[in-house]
Structure formats: structure tokens, C-alpha cells
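Residue-level structural notes
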Amino acid sequence: MGLLAMIGLLLLSMQLDDRFFPDAQVYYITSTEQGVLKLLQQLFWLSMASLCGALGLLLVTGLKRHWRYILLLMLALLSLLHLNASLSVSFVHAVSFRDMLPLILLMGCLIWVVLSSGKSQLEPKRWLIAYASQTGSAMQLAKTLHQRILPHSQLCCCSQLSVDHLSDYEHVLFVVSTCGQGDAPDTAKAFMQQLQQVVLPSKPADFSVLALGDRHYPSFCAFGHRLQQLMLEKGFQQLLPLVEVDQMDMESVNDWWLQLPFQNQANTSEPVHLAYSTATLVKNQCLNPEQASRHAHHLRLQHADLSYQPGDLLAVLPRIHPEVIEQRLSLLGWSGDAEVFYHGQAERLDTLLLKLDWTDQQASTPQALIDQLKPLHERLYSIASCTDGEVDLLVRKHRRADGSTGNASGYLCSLVPGDPVLASVRVHSGFHVSHDFPLIMIAAGTGIAPFIGFLAQRQQRGSTAGHWLFFGEQFAEHDAYFADALSDFQRQGILSQLDCVWSRESGEYVQDRLLQKQVQLREWILQRNAHIYICGSLSGFGESVVQTLQQLFGSELMKERLHTDLY
């Protein structure tokens, strides 16, 4: 735009040369020419402002990566400013076209260099990274991978992907999670239906699947395998075999990543790491101190850049305390200074176990134990607040058979105010509340956490819809988590109905209470268009509650109204 404005000013200058009055040292300019001159000057300065903005953005976001383009933009900026100054002088001293020719040639060379150096930027994207995420982990990993192969890749959620779209790329990388009983994430269901109906595409891309899952579930990575099988049946070529990733094991991710045939791409030969921020613990309160075997802690973390919506999750990278490893080894009669090998490197047993995820694995020798273990990985926790900059969590301290505590829960519950925590938000878009419709929230144990955030958000927004919470735990005397907050929500009319079910006192469970309240539930769902949100353990609680709701209202209606965060 700036160059076109300069050309226009130059042509106008040449035209005005014919009407220059040497004695008066002025031009005779018509009103039309004055208007054109003013417009060209405005276009020039607008383009200068855009050029400065682009230069500033490159300086901030990628000085090392884009230094060539930064230099070229600076040269272009200086050249255009010099050309503008020369043309301004021409209106007074009648600079000829021959005087301007060197500057024009300089600008032509500069444009040629910019276009030729940016040719690769204009080429079509070769790689597509498509993700299907239920809790945000697959999306976060896909974004990290996408950054590694810019500018030759595009990132896309499967919810926005069509099968025809795949033919626009040479290679398609799927990063997908499995949820429920081997089900596809909600964001991938429409794509899978379309893929089942499509015929062989005219230009099939090659593909590879990175399948995220958890080996504790029998349907480990089942959706990833189903996606791969269907892609092969439809004629797509496999770039690399499917790789299973257990609980975000980055070693498995990098085994897959480093085999991909990238060419002349920076940062693709280095291992991939997820980024975490350092938050600070400001509160740690045990809410049921009398329940020694199942403590639940209310934690609050602060960090200026923590931004999220209620329903999102916080990924925490745990840290193992040396005394925990020492106690566990002593029970086995093993010495911490025993030499073991990990990936061909000799290390002390106790030092290595600080970096590995030793949960319930058992072995007859230290080396046999090490051979079973993978690096320590992140854990996900539901967020129990709705204020940016701080995050509340409700964490159950897990105890193993040998008396030791869980790697993540034991770490978090032992923190004191001021301790740092490595954490990162995981977007759980399928569990967000976007409209002010009535909510039926169903929770057991620490699954109540996200609903405290939901109610606080409804309170901030002045919700008048009315909401209903079902909460199940063992004892009313010990396990009434966030009782004061729930009472406040009731007094303010945010929470219009609260049903607490204490299983060890009444022998009743949440699904039993749902059956008892089915008439009122039917009114809320069918007449008031309420949506149902469930959070808690999948085994036992989650499966029973979902089955009860489907029995009462049918599977089709539940597909529209039911939102789950089950683990």
C-alpha cells in the first residue's frame, strides 16, 4: 500500500513539473489534485503504521526465528521514509524522475528480496495436526507440536474437520484421546460419522495417530485404534504406526515425534516438552481431619497468568519427596544406593525413583521395578473456583496398600503456603456452561469441586435460572465439603435445591435419590430445559448415574443434555 502511494505521489509530482513557476517557486495545483495528494499521503502513513506494527510484532514474538524479515522490514521502512522525504522536496525544488530512479530501483530490489525470501511462507501447508480432546490434554499437546513445525503446518480440532479437508495436505497427524468406555471425544463424533460414509478420496493423504489414554482402564486408547482402522479401510496411507501414550508419557510422544519425516524444519529434532507455569500455594486446609484414611484438602494456588473457565482442569506436575522413596524402599529391604540402569545409563535407585512414576508396581528386584516405570507425569484436577489469577482444588489424599501416599495427592496435600507448584490449565470445553439454563449438578466425593466454580460464576452473572445439586459422600458430620459456600448460594437463591446423600448413614447412593426425585427431575429437564452435569469417579458412581438417567429419559435426550467429567 505504501509503495502504491509513493508511485502515485511520484506520478503526481511529474505531472506538476509541467506547471512549475520558477519565478514564484510554487506549483499551480487544482482542488482535485489537492484531494488526491491528501489521500495518497494518508495511505502512505497508514501503511507506515501497519509496517511498524508488523515489525514490532516480529520483534516481540520471534526475534531469533524472524531476524531476516525484521531486517528487511526495517530497510523497507527506511527506504519508504526516504522516498517520501525526496518527493516532498520535489514539490518545492522540482526533483526530476531521473533523480528518483535510484530510490525506485532500491525499492524494486527490496520487494524482490522480500518476495523471494518469503516464497516458502506462501506455499501450501504440508502438515495438518488434528486433535480430539475431552479434557484438554490432547489439545494442549497438539498445540505444542504445531509450534514445532510452523509455518508448514495447520492446527485443527476434529469438530471443525471434514474428510475432504484432509486432501489439502500431504501428511495428517491425529492427536486423540479416549473417553468413557472406549468412546470418541465429543469433538470427534461428527468427523467419525462422516468418515464412515465417505468413499476413497481422490487424493488420500498419509496419516499417523498418537493415541492418548490410561492403562488403568480396559478400553485403553480404544478410540485411537478405531480411528486408525477406519482411515486404513477408507484408503488413507499410514505414515507411521499408531503410538499409545499412557497418562501423557512424553517418552512415548517423543518416540513417535522423532520418527516423523520432517525436512529442513527447526526444532523437530529436539524432544517435545509440555510447558508449565510456577504457581504459589496460598492455602491448604484439610476439610475432614477425622477421616484419617481419606483426607480431602482444599488448596488455593495463585499465579497472575492463570486464566480459565469453570469446568476446566488444572494439570499439576508432582514432585516426589526423598523421604517417601526412602520409606518405601525400606519396606522392601532395598538400599537406595543400589545401582540400576535406565535407558542404558547407570544411576542410584533412590535418585532415579524421584523422576519416575512408581505407583503400585511391584517387582522382585530393583532393576525389575525400574524396567516397569515411566517418567513422572501430570495429574488433572477439577477447578473449584472462577476467579482468574487463582485456582481452588479439592484433592483426596490417596493411600496405597503399603501406607504411602499417591505421588500427586501426597505431594499436594503436604504443601505449605509459599510453596511453588508447576501447573497448567487444560481447557475442558465440553464441560463449560455457556447459557443461563437451569443446571442439575450430580457429584460424589471430590467431584463436587467444579460445581462450586459453576455456582460462583452463576452468582457473579446474576443468574435467576435456579440450580439443583445432588451430592454423595460417606458422613454428614465429616464430609460436607464447602458447606458454608453452599449455604450462601442457597440464601442468595443461586442454588434452589440441594440433595445430600450420606451412604454410610443411610445406605443410600446418589442414583437412588435420582429415582426418588424422578418426577421433579422430569419437570426440570422436559419443561425447564435443564442440562445435567456429572463429576466424579467413572467406576461405580459415574456408570450407575449415567445408566439411571438414560433409563429415565432415554439415550437420545441425554446426548443433548448430559455433560460429564468422569475419571
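Structure: above.
Residues numbered from 1 in each chain as written. Predicted model: local features only at pLDDT ≥ 70, side-chain atom pairs only at ≥ 80, totals over all residues. Heavy atoms only, no water.

Re the packing of aromatic side chains
Taken as a whole and judged by the stated rule, the model has 12 aromatic pairs. Geometrically, the ring pair formed by F174 and F191 is tilted, given 6.0 Å between the ring centres and 40° between the ring planes. Of the two residues, F174 sits in strand β5 (residues 171-177) while F191 sits in helix α7 (residues 189-197), which places them 17 residues apart along the sequence. Here F174 falls in the buried class, since its relative accessible area comes to 0%. (Phe/Tyr/Trp six-rings, centres within 6.5 Å; stacked < 30°, edge-to-face > 60°. Helix = DSSP H or I, 4+ residues; strand = E, 2+ residues; numbered from the N terminus. Buried < 20%, exposed > 50% of the residue type's maximum accessible area, 1.4 Å probe, protein only.)

Quick notes on the nonpolar core
Ranked by size, the top nonpolar core spans 30 residues in total, and within it L161, L166, F174, L195 and L227 carry the most contacts. Looking at this core, the elements with two or more residues in it are β3 (127-132), β5, α7, β6 (206-213) and α8 (222-233). If one sorts the elements of this core by residue count, α8 sits on top with four residues. Within the second largest apolar cluster, 28 residues are counted, among which are F437, M441, A443 and L455. (Core = buried A, V, L, I, M, F, W, Y, C linked by side-chain atoms within 4.5 Å.)

Quick notes on the sheet that holds strand β16 (residues 420-426)
Backbone hydrogen bonds hold the strands of a sheet together, and the pairing may be parallel or antiparallel. Taking strand neighbours across the sheet as the criterion, the six strands line up as β14-β11-β16-β9-β10-β15 in an open arrangement whose pairing is antiparallel. Both outer strands of the open sheet, β14 (379-382) and β15 (390-396), are each paired with one neighbouring strand and no more. Ignoring strand direction, the axes of neighbouring strands in this sheet form an average angle of 40°. (Pairing = 2+ DSSP bridges. Axes fitted to C-alpha atoms, helices over the stretch in contact; angles between N-to-C directions.)

Let's talk about the pairing of strand β17 (residues 439-444)
Of all six residues making up β17, five are buried, and the element is well covered by its neighbours. Looking at chain direction, β17 and strand β20 (residues 531-536) are connected through five bridges and run parallel. When the bridges of β20 are listed, I442 appears paired with I534. With five bridges connecting them, β17 and strand β18 (residues 467-473) associate as parallel partners. The residue of β18 that forms the bridge with I442 is F470. Taking the sense of rotation as the criterion, the β-α-β connection linking β17, helix α14 (residues 449-460) and β18 turns out right-handed. (Right-handed = clockwise from strand over helix to strand, strands pointing away.)

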